[in-house]
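# Chain and residue survey
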Amino acid sequence: MTHQMREATLNGQAKLVGHLPTDKIMQLNIVLPVRDQAGLDAFVASLSDRHSPNYRHFLTPAEFTARFGPTQQDYDMVVQYVKDYGLKVIGGSRDGMDVEVKGAVSAIESAFHVNIMTYQHPDENRVFYAPDREPTVDLPFSLWHISGLDNFSLPHPLYVKKSDYAAAKGINANAVVGHATTGSGPSASFLGSDMRAAYYGGTALTGSGQNLGLFEYYGTDLADLTTYFKNAKQTNNVPVTLLSTDGTSTSCVYKSGCDDTEQTLDMTQAIGMAPGLKSLVMYVGSTDTAIISAMTTHNPLPTTIGCSWGWTPADPNTLNPYFEKMAAQGQNFFAASGDSSTWSRRNEAWPADNAYVVSVGGTDLTTASAGGAWKSETAWADSGGGISPDKIAIPAWQKQAGVINSSNKGSTTYRNGPDVAANANFTFYVCADQTTCTANEYGGTSFAAPMWAAYVALVNQQLVANGNPTIGFIDPYLYSFGVSSSYKTDCHDITSGKSGSYSAVTGYDLVTGWGSPNGQALLNALVAE
């Protein structure tokens, strides 16, 4: 029900090289469609409607499956189908709407009626594999998607190293931006705890009782996390779990060619904002559907999730069932909006332009002192944002009067992003790869996404303490606040600076969204909803 062919193989930009060896072993994740799509759409919309009996009545994974997931009969039929073709089932679940399989290329080609060919990548110096036609199956119903049939798009972390940025621009690294002067880390760089002081500013809420998830394509070396807290003269009390969703290794050692910079900074930003989390789980996998399927079924369920990776799926609808499932289950998926300025076909926005994720842009933050309060903020010059290049329809909350106007130059047809923002400048302290830690060297919306996920964990903690359900998908609330009289109190409205084609303006804009959280004010507003 989604397309699997890459545009480059269809239009001839990618030159045919040959055939993938038929005895090569491949691993795929087969996704089944949801039942009653219209019913699911209506249910998700009703969850944030105060007048609906469904208001914040979120479903458990089992309840979601019973109402909207594949039937047991259909799921069993898919399992039997792949086994009949000699593929081995190694994972997946009916609740996760997926079947994880492994087998030889020849068996995969037979099961899905394709040829797995190799092509010269049109933009990168490498050869990739991909099917030569759309896959089909001899089943009485359609599948939703098959992940792993190609490796055209390699996932990349959404952080930026200042020296690399300077080299690409042909300038001296010191000319990129001044060093942070008000952080409490080495060389006055910002720690995760500094973001907590600036954006929350309180001490009562720590994320206690809340479970936060991180979406990762590679594992990590927890020794780097230990080094960070040791050098910062802080103690980490959050239990960290590394969970492989599809057999991918959870270990990442630099000497073996694996870089854990992204994975480590995601943890330090989340823990810095919410130092009392009940759990932090890093969900590691090789395909997007395997990772996110696990995130929607794992016990305990992560109610807030940070994703600091970008990639280009063959079909931008690939993860729609899972993102809607998250909304139905009261989960928030925060996606970094990118570090290459304005979104375009070549500067991919995915997954931050999906309608059911919270897209997080970047700012340049100044605090009043080391570990002190928020002082001022401007737009970060490379904050990703704009109009969905995937032509994702504008969601209902962006259609509200007062959101899109001539000042912000947004679209009234397609999804606009980002939704919110937080510090992303080259002002952070980072430890990774079992090497010397760096100060004021790394930046990117990678830092902002897990920060926001942890901030909403604080909101959920307060809601639970008040005897209420957790907040659920926050975009409908954020946009209602934005067009109300309380906006200036709830958020830091970023009105200066620009990134690419767009400028930060009063109210909503396509560089920083509604801005950053104004401490306890936004938290109180979300809790009061």
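Structural notes, computed from the coordinates. (Residues numbered from 1 in each chain as written. Predicted model: local features only at pLDDT ≥ 70, side-chain atom pairs only at ≥ 80, totals over all residues. Heavy atoms only, no water.)

## Focus: the packing of helix α9 (residues 261–273) against helix α12 (residues 445–465)
Between α9 and α12, the least distance of the axes is 8 Å, while the angle of their chain directions is 30°. Pair α9 / α12 crosses with right-handed handedness. In this structure, α9 uses Glu262, Leu265, Asp266, Gln269, Ala270 and Met273 to contact α12, whose residues at the interface are Ser446, Phe447, Pro450, Met451, Ala454, Tyr455 and Leu458. Within the contact of α9 with α12, the residues separate by chemical class into 9 nonpolar, 2 polar and 2 charged. (Axes fitted to C-alpha atoms, helices over the stretch in contact; angles between N-to-C directions. Helix = DSSP H or I, 4+ residues; strand = E, 2+ residues; numbered from the N terminus. Left-handed = near helix turned anticlockwise from the far one by under 90°. Contact = heavy atoms within 4.5 Å. Nonpolar A, V, L, I, M, F, W, Y, C, P; charged D, E, K, R; others polar.)

## Observations concerning the packing of aromatic side chains
Under the defined criterion, the tally for this structure stands at 28 aromatic pairs. Taken together, a centroid distance of 5.6 Å and an interplanar angle of 50° make the contact between tyrosine 165 and phenylalanine 426 tilted. Here the residue tyrosine 165 occupies a position in helix α6 (residues 162–169), and phenylalanine 426 occupies one in the loop between β20 (420–423) and β21 (428–430), the gap between them amounting to 261 residues. Given a relative accessible area of 1%, phenylalanine 426 falls into the buried group. Between phenylalanine 215 and tryptophan 311, the aromatic rings sit 5.3 Å apart at their centres with planes inclined by 5°, giving stacked as the arrangement. A residue pair is termed long-range when its members are at least 10 positions apart, and phenylalanine 215 in strand β10 (residues 211–216) and tryptophan 311 in the loop between β14 (309–310) and α11 (320–328) qualify at 96 residues. (Phe/Tyr/Trp six-rings, centres within 6.5 Å; stacked < 30°, edge-to-face > 60°. Buried < 20%, exposed > 50% of the residue type's maximum accessible area, 1.4 Å probe, protein only.)

## Section: α9
Here α9 contains 13 residues, and its C-alpha end-to-end distance of 19 Å stays within 8% of the 18 Å for a straight helix at 1.5 Å per residue. Burial analysis of α9 places 13 of its 13 residues in the buried class, the great majority of the element. (Expected span 1.5 Å × (residues − 1).)

## Let's talk about the environment of alanine 528
Here alanine 528 lies in helix α15 (residues 519–528). Its relative accessible area of 56% is what places alanine 528 among the exposed residues. Sequence separation between alanine 528 and asparagine 125 is 403 residues, and the spatial gap between their C-alpha atoms is 53 Å.

## A short note on the state of the cysteines
On inspection of all chains with the given rule, the structure shows 2 disulfides. In this model, cysteine 431 is linked to cysteine 437 through a disulfide, with the two sulfur atoms separated by 2.1 Å. Handedness here is read from the sign of the S-S torsion; for cysteine 431 and cysteine 437, about 110°, the answer is right-handed. Note on accessibility: cysteine 431 and cysteine 437 belong to one class, buried. Taking only the cysteines that form disulfides and numbering them from first to last, the chain has the pattern 1-2, 3-4. (Disulfide = S-S within 2.5 Å.)

## Some thoughts on the nonpolar core
Within the largest apolar cluster, 118 residues are counted, with the highest numbers of intra-cluster contacts made by Phe215, Met273, Phe333, Trp452 and Tyr455. Ranked by residues supplied to this core, first place goes to α12 with 13 residues. Met26, Leu87, Ile116 and Ile146 belong to the second-largest nonpolar core, a separate cluster that totals 26 residues. (Core = buried A, V, L, I, M, F, W, Y, C linked by side-chain atoms within 4.5 Å.)

## Considerations on the sheet that holds strand β9 (residues 160–161)
What links the strands of a sheet is backbone hydrogen bonding, and the strands pair in either a parallel or an antiparallel sense. Strand order in the open sheet formed by 3 strands is β9-β22-β21, with antiparallel pairing between adjacent strands. If you trace the sheet from one side to the other, it starts and ends with β9 and β21, each paired once. Alignment of β9 against strand β22 (residues 438–443), held across 2 bridges, turns out to be antiparallel. Bridged to valine 160 within β22 is glycine 443. (Pairing = 2+ DSSP bridges.)

## Re unusual backbone geometry
A cis geometry characterises the amide bond from asparagine 299 onward to proline 300, with omega recorded as 5°. Between tryptophan 350 and proline 351 the backbone carries a cis peptide bond, its omega angle lying at 0°. For methionine 97, which is not glycine, the phi dihedral falls at a positive 60°. Secondary-structure assignment places methionine 97 in the loop between β3 (88–93) and β4 (98–104). What makes methionine 97 buried here is its relative accessible area of 0%.

## A word on the packing of α12 against α15
Here α12 crosses α15 at 55°, and the two axes come no closer than 9 Å. When the axes of α12 and α15 are compared, the pair comes out oblique. The crossing of α12 and α15 is right-handed. Across the interface between the two elements, Trp452, Tyr455, Leu458, Val459, Gln462 and Leu463 of α12 pack against Gly519, Leu522, Leu523, Leu526 and Val527 of α15. Split into classes, the residues belonging to the contact of α12 with α15 amount to 9 nonpolar, 2 polar and no charged. (Parallel < 35°, antiparallel > 145°, perpendicular 65-115°, else oblique.)

## Notes on the side chain of serine 279
Along the chain, serine 279 falls in strand β12 (residues 279–284). Within the structure, the side chain of serine 279 is placed 2.7 Å from the side chain of asparagine 211, a separation counted as a polar contact. Aside from chain neighbours lying at most four places away, what touches serine 279 is Gln210, Asn211, Leu212, Val238, Pro239 and Pro300. (Polar contact = N/O pair within 3.5 Å; in protein donor to acceptor, adjacent residues only side chain to side chain.)

## Details of the pattern of salt bridges
Scanning all chains against the criterion turns up 8 salt bridges. Across the pair aspartate 475 and arginine 415 runs a salt bridge whose closest N-O atoms are separated by 3.7 Å. You can see aspartate 475 sitting in helix α13 (residues 475–482) and its partner arginine 415 sitting in the loop between β18 (386–387) and β19 (416–417), a full 60 residues away along the chain. For the salt bridge of aspartate 493 with lysine 488, the shortest nitrogen-to-oxygen distance reads 2.9 Å. Judged by relative accessible area, which is 17%, aspartate 493 ranks as buried. Several salt bridges share partner residues, and in doing so they unite Arg415, Asp419 and Asp475 into one network. (Salt bridge = Lys/Arg side-chain N within 4 Å of Asp/Glu carboxyl O.)

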